[in-house]
Protein chains: 2
Amino acid sequence: MVSIISVAKAAGVSNKTVSRVINGEPYVTEETRERVEKAIRDLGYIPNMAARLIRSSRSNTFGIITDYVSTTPYSVDIVRGIQDWANANGKTILMANTGGSSKREAEIWKMFQSHRIDGVLYVTMYRRTVDPEAGDVRIPTVMINCRPQTNELLPSIEPDDYQGAQDLTRYLLDRGHRKIGYIRLNPILLGAQLRLDAFRKTAAEFGLAESDLSIRLGMEGPVGAEKNYVFAAATEMLQQKDRPTAIMSGNDEMTIQVYIATMALGLRIPEDVSIVGFDDFRTVSLALKPELTTAALPYYALGLEGADLLNSVVAGNKARPSRRVMPCKLVERTSVQSV
Amino acid sequence: MVSIISVAKAAGVSNKTVSRVINGEPYVTEETRERVEKAIRDLGYIPNMAARLIRSSRSNTFGIITDYVSTTPYSVDIVRGIQDWANANGKTILMANTGGSSKREAEIWKMFQSHRIDGVLYVTMYRRTVDPEAGDVRIPTVMINCRPQTNELLPSIEPDDYQGAQDLTRYLLDRGHRKIGYIRLNPILLGAQLRLDAFRKTAAEFGLAESDLSIRLGMEGPVGAEKNYVFAAATEMLQQKDRPTAIMSGNDEMTIQVYIATMALGLRIPEDVSIVGFDDFRTVSLALKPELTTAALPYYALGLEGADLLNSVVAGNKARPSRRVMPCKLVERTSVQSV
DNA sequence: TTGTAAGCGTTATCAG
DNA sequence: CTGATAACGCTTACAA
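Residues numbered from 1 in each chain as written. Chains lettered and ligands numbered in written order. Predicted model: local features only at pLDDT ≥ 70, side-chain atom pairs only at ≥ 80, totals over all residues. Heavy atoms only, no water.

Novice: Lay out the protein's contact with DNA strand D with the relevant residues and their values.
Specialist: Surveying the vicinity of DNA strand D reveals 25 residues, the closest of which are Ile4(A), Lys16(A), Tyr45(A), Thr32(B) and Arg55(B). Here, DNA strand D places atoms within 4 Å of the protein, and 59% of those atoms are sugar or phosphate. Between a phosphate oxygen of DNA strand D and a side-chain N or O atom of Tyr45(A), the distance comes to 2.4 Å. One nitrogen or oxygen atom from the main chain of Ala51(A) is found 3.5 Å from a base nitrogen belonging to DNA strand D. (Near = heavy atom within 4 Å. Polar contact = N/O pair within 3.5 Å; in protein donor to acceptor, adjacent residues only side chain to side chain.)

Novice: Which residues make up the relation of the copies chain B and chain A, and what are the values?
Specialist: Superposing chain B onto chain A takes a rotation of 180° plus a shift of 0.0 Å along the axis, which leaves an RMSD of 0.1 Å. As the rotation angle and translation indicate, the two copies are arranged about a two-fold axis. (Least-squares fit on C-alpha atoms with pLDDT ≥ 70 in both.)

Novice: Please give an account of the nonpolar core that cites residues and values.
Specialist: Ranked by size, the top nonpolar core spans 89 residues in total, and within it Ile82(A) and Ile82(B) carry the most contacts. For Ile82(B), the residues in contact, after removing those within four places along its chain, are Ile64(B), Ile93(B), Leu121(B), Val123(B), Ile144(B), Gly303(B), Leu304(B) and Ala307(B). One finds Ala234(A), Ile247(A), Ile247(B) and Val258(B) within the second-largest nonpolar core, a separate group that totals 56 residues. (Core = buried A, V, L, I, M, F, W, Y, C linked by side-chain atoms within 4.5 Å. Buried < 20%, exposed > 50% of the residue type's maximum accessible area, 1.4 Å probe, protein only. Contact = heavy atoms within 4.5 Å.)

Novice: Report on the pattern of salt bridges, specifying residues and quantitative values.
Specialist: The tally for this structure, following the rule as stated, stands at 42 salt bridges over all chains. Here Glu31(A) makes a salt bridge to Arg35(A), at a shortest N to O gap of 3.2 Å. Separated by 4 residues within a single helix, Glu31(A) and Arg35(A) lie in helix 3 (residues 30-43), roughly one turn from each other. Classification of Arg35(A) by relative accessible area gives partly exposed; the value is 34%. With a shortest N-O distance of 3.2 Å, Arg147(B) and Glu158(B) are connected by a salt bridge. One end of the pair, Arg147(B), is in strand 4 (residues 141-148); the other, Glu158(B), is in strand 5 (residues 156-159), with 11 residues separating them in the sequence. Take Arg147(B) and Glu158(B): they sit in the same class, and that class is buried. Here the salt bridges do not stand alone but share partners, grouping Arg147(A), Glu158(A) and Arg323(A) into one network. (Salt bridge = Lys/Arg side-chain N within 4 Å of Asp/Glu carboxyl O. Helix = DSSP H or I, 4+ residues; strand = E, 2+ residues; numbered from the N terminus.)

Novice: Tell me what's going on with the side chain of Thr61(B), and back it up with residues and numbers.
Specialist: As for its placement among the helices and strands, Thr61(B) is situated in strand 1 (residues 61-66). Residue class for Thr61(B) comes out buried when judged on its relative accessible area of 6%. Within the local environment of Thr61(B), its side chain forms a polar contact with the backbone oxygen of Ser59(B), the two atoms lying 3.0 Å apart. When sequence neighbours within four positions are dropped, the list of residues in contact with Thr61(B) reads His115(A), Thr92(B), Leu94(B), Ile117(B), Asp118(B) and Gly119(B).

Novice: Residue-level account of the protein's contact with DNA strand C, with values.
Specialist: Around DNA strand C, the structure places 26 residues, and the nearest of them are Thr17(A), Thr29(A), Thr32(A), Arg55(A) and Ser19(B). Counting only the atoms of DNA strand C within 4 Å of the protein, the fraction contributed by sugar and phosphate is 58%. A distance of 2.4 Å is found between a phosphate oxygen of DNA strand C and a side-chain nitrogen or oxygen belonging to Thr32(A). Measuring from a phosphate oxygen of DNA strand C, one finds a backbone N or O atom of Asn48(B) at 3.0 Å. When residues of the surface near DNA strand C are traced back to their parent elements, those giving at least two are helix 2 (15-22) and helix 4 (49-56) of chain A together with helix 2 (15-22) and helix 4 (49-56) of chain B.

Novice: Mind laying out unusual backbone geometry, listing which residues take part and the relevant values?
Specialist: Glycine aside, a negative phi is what most residues show, and trans is what most peptide bonds show. A cis amide bond links Ile269(A) with the next residue in sequence, Pro270(A), at an omega value of 5°. Among the structural elements, Pro270(A) can be located in the loop between helix 10 (252-264) and strand 11 (274-276).

Novice: Just give me the short version of the sheet that holds strand 10 (residues 246-249) of chain B, but keep the residues and values in it.
Specialist: All names here are of chain B. Across the sheet, 4 strands lie side by side as 7-6-10-11; this open sheet has parallel pairing. Here the strands that pair on one side only, and so sit at the sheet edges, are strand 7 (213-217) and strand 11 (274-276). Between one strand and the next, the sheet's axes are offset by a mean angle of 15°, whatever the strand orientation. Pairing geometry for strand 10 and strand 11, over 3 bridges, is parallel. Residue pairing across strands places Met-248 opposite Val-276, the latter belonging to strand 11. Against the sheet, helix 8 (residues 190-205) engages strand 6 (180-184), strand 7 and strand 10, with an angle of about 165° to strand 6. In the packing of helix 9 (residues 230-239) onto the sheet, the strands contacted are strand 6, strand 7 and strand 10, and the crossing angle to strand 6 comes to about 165°. (Pairing = 2+ DSSP bridges. Axes fitted to C-alpha atoms, helices over the stretch in contact; angles between N-to-C directions.)

Novice: Describe the environment of Gly316(B), and please don't skip the residues or the numbers.
Specialist: All names here are of chain B. Here Gly-316 lies in the loop between helix 12 (299-314) and strand 13 (323-326). By relative accessible area, which is 43% here, Gly-316 ends up partly exposed. C-alpha of Gly-316 to C-alpha of Ala-225: the two residues are 91 residues apart in sequence and 42 Å apart in space.

Novice: Account for the UniProt feature "domain: HTH lacI-type" (unreviewed entry) in chain A, naming residues and giving values.
Specialist: According to UniProt, the "domain: HTH lacI-type" (unreviewed entry) feature falls on residues 2-56 of chain A. In residues 2-56 of chain A, helix accounts for 69% and strand for 0%; the two terminal C-alpha atoms are 21 Å from one another. (UniProt positions renumbered as here; feature names shortened; annotations may be inferred.)

Novice: Just give me the short version of helix 7 (residues 161-174) of chain B, but keep the residues and values in it.
Specialist: All names here are of chain B. When the terminal C-alpha atoms of helix 7 are compared, their 20 Å separation across 14 residues agrees well with the 20 Å that a helix rising 1.5 Å per residue should span. Of all 14 residues making up helix 7, 10 are buried, and the element is well covered by its neighbours. Of the residues one or two after helix 7, Gly-176 is the one with positive phi, at around 90°. (Expected span 1.5 Å × (residues − 1).)

Novice: Describe the interface of chain B and chain A, naming the residues involved and giving the relevant values.
Specialist: Counting from both sides, the interface comprises 50 residues of chain B and, opposite them, 51 residues of chain A. Between chain B and chain A the total buried area reaches about 4600 Å² when both faces are included, carbon and sulfur atoms providing 66% of it. Inspection of the region where chain B meets chain A yields 2 salt bridges. Across the pair Asp84(A) and Arg104(B) runs a salt bridge, and its minimum N-O distance is 2.5 Å. Counting the contacts that link chain B with chain A gives 11 residue pairs in polar contact (both at pLDDT 80 or more). For the side of chain B that touches chain A, the secondary-structure elements that each account for two or more residues are helix 4, helix 5 (76-88), strand 2 (92-97), helix 6 (102-114), helix 10 (252-264) and helix 11 (282-285) of chain B. Tallied by class, the residues present in the side of chain B that touches chain A amount to 28 nonpolar, 13 polar and 9 charged. (Buried area = accessible area lost by both parts, 1.4 Å probe. Nonpolar A, V, L, I, M, F, W, Y, C, P; charged D, E, K, R; others polar.)

Novice: Describe the sheet that holds strand 7 (residues 213-217) of chain A, with residues and values.
Specialist: Hydrogen bonds along the backbone pair up the strands of a sheet, which may run parallel or antiparallel. Residues and elements named next belong to chain A. Taken in spatial order, the 4 strands make up an open sheet running 7-6-10-11, and their pairing is parallel. Strand pairing shows two members of the sheet lacking a second neighbour, strand 7 and strand 11, which therefore form its edges. Looking at each pair of strands side by side, their axes are set apart by 15° on average, direction ignored. Across the sheet, helix 7 (residues 161-174) lies against strand 6 (180-184), strand 10 (246-249) and strand 11, angled at about 170° from strand 10, the strand it touches most. On top of the sheet, helix 10 reaches strand 6, strand 10 and strand 11; it is set at about 165° to strand 11, its chief contact.

Novice: Describe the packing of helix 9 (residues 230-239) of chain A against helix 10 of chain A, and please don't skip the residues or the numbers.
Specialist: All names here are of chain A. Running from N to C, helix 9 and helix 10 cross one another at 45°; their axes reach a closest spacing of 8 Å. Classified by the angle between their axes, helix 9 and helix 10 sit oblique to one another. For helix 9 against helix 10, the interelement crossing comes out right-handed. Contact residues: Val-230, Phe-231, Ala-234, Thr-235 and Leu-238 in helix 9; Met-254, Gln-257, Val-258, Ile-260, Ala-261 and Thr-262 in helix 10. Looking at the contact of helix 9 with helix 10 residue by residue, the class counts come to 8 nonpolar, 3 polar and no charged. (Parallel < 35°, antiparallel > 145°, perpendicular 65-115°, else oblique. Left-handed = near helix turned anticlockwise from the far one by under 90°.)

Structural data, given as structure tokens:
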């Protein structure tokens, strides 16, 4: 492998001068710089990060720890956001997946440390509280889409589930709906309670009584092996004599079943029943006909912001074990009609 | 940071002896070994990979290059497969995403080289042919879910789209269907032609005429901005006087629209129309009611095998710029009925 | 503006 | 079985 020394030799300068050129340091004649750059090009020299790290002990590398990436496909956007940030800022990303095993998580932390990473982005694919095994370690960490269970106060970034559900509920209310159904998300997810609260409170603010609301549990049980009541719940809900004119469902994925249940009952969307989802999981929200009005979860932004926050923590801007929240954006399509 | 030397000092041995213990080399007394291990534990010593690499020039790191991870959510399973392999074999994963930009791809290759990675897994999220910018570089590379456009003959691993579609078609044929519809995948995807061919040939083998087949284009155009004809195509197909008794669709995502179109026409699934998908994208295939019979794409296996293949290439087992293919597995659920 | 020398944490070599 | 010592490719400190 061609090293800094071969370049120095080829350019007829010292290794330090080459180092200066590589790192864009000042105090190099334009002429020398060019000569060195030519040598670099000619020899196809590429700096060795490992050697650099060993001296400067700043790896410019972030680690990402995820849990069940695969089970919630849309949230890969978080990772994409992180990668894009890293790419734009010259950082490298090391990635590992716990698969839910805390033994593995411990190994990962160790592996990260052996690479002397600058910081960790702890990403969960469902919004929930977790307890990173960081434990004894003092690596700067930012949590994305989750928050620490203990009071350790790591900074975290989460989507604003409350605001998203509030917007959606208002949207329905503004269009005259006064009987509204809600299919609840799995209660073990952090977002579930927030979304439900927002739904209830917003409806109340508009003067709806609890009896105007049909609230049903859509799913429950451990992630990846949950019990699914959505279809049955939606069917039952729509068979009430005083059936809702609009249904809001915990997420877009569940909405598929709401659509099918509605249609199986011979009801039309949105003429007979308006429907909104949550997440803007486009594989679903755009595939449904009519296309689904929903609230977009800011996954990409979560990743981008998370990386940026971690960076500032690493840079020493301590002082802020903050919990930041990113807004959800209502995406209006055609599954809702005014009554 | 605690280094090998502090450990050596604490254990009262030389640094080389510590190194021997860390790397599980022979010729160390059990007693010495224990003393060293204790020192390691006491001091919380963690080996510095960068320092190790600089001497041994084997980074034990693989790079993953992906294109549009986010647009095809299910294929994150490929990455999970790779990660699991890496985890089980003590390798580290560096990950980067081109976002489709070849300028960025070039940067990524450079970045990977600066980390002296042992090999690259080139993963595309849709099966298609690509031309990795590897170019001048001689890093061992394995392509997953795609194949080299040029004849450069990099080893590749792909799903067996043909066999998957064949199985699905036979499944329908075996159950007595003799009028079958097919909604085609976007033709720019490698799998599209293979699946269609398999459908046609298998139907022909069973003695069906071309006129027994209703074949419609479901999508076309650039990935991420395709035009979508699925709903219209399915509706039209089912309104023919001699309508198919079964529909096969390019993938599960498209199947959502097929379901909705079918139901909107007042037809029941599977009593009036049987439906099969492709991919086993579970977010969809399990959410549909009745649950969808489909062919599971071996994404996880692709990742696992790809990493393993790369490893053997790196280890020097040249000789095989092979193109390996992994089978799709038919997943039987309840969307098909015999006629 | 440039060069020299030391040192980072490992592993490799070779002598003991 | 164990230990000095060199070497890896780079940055840092300091000197020129």
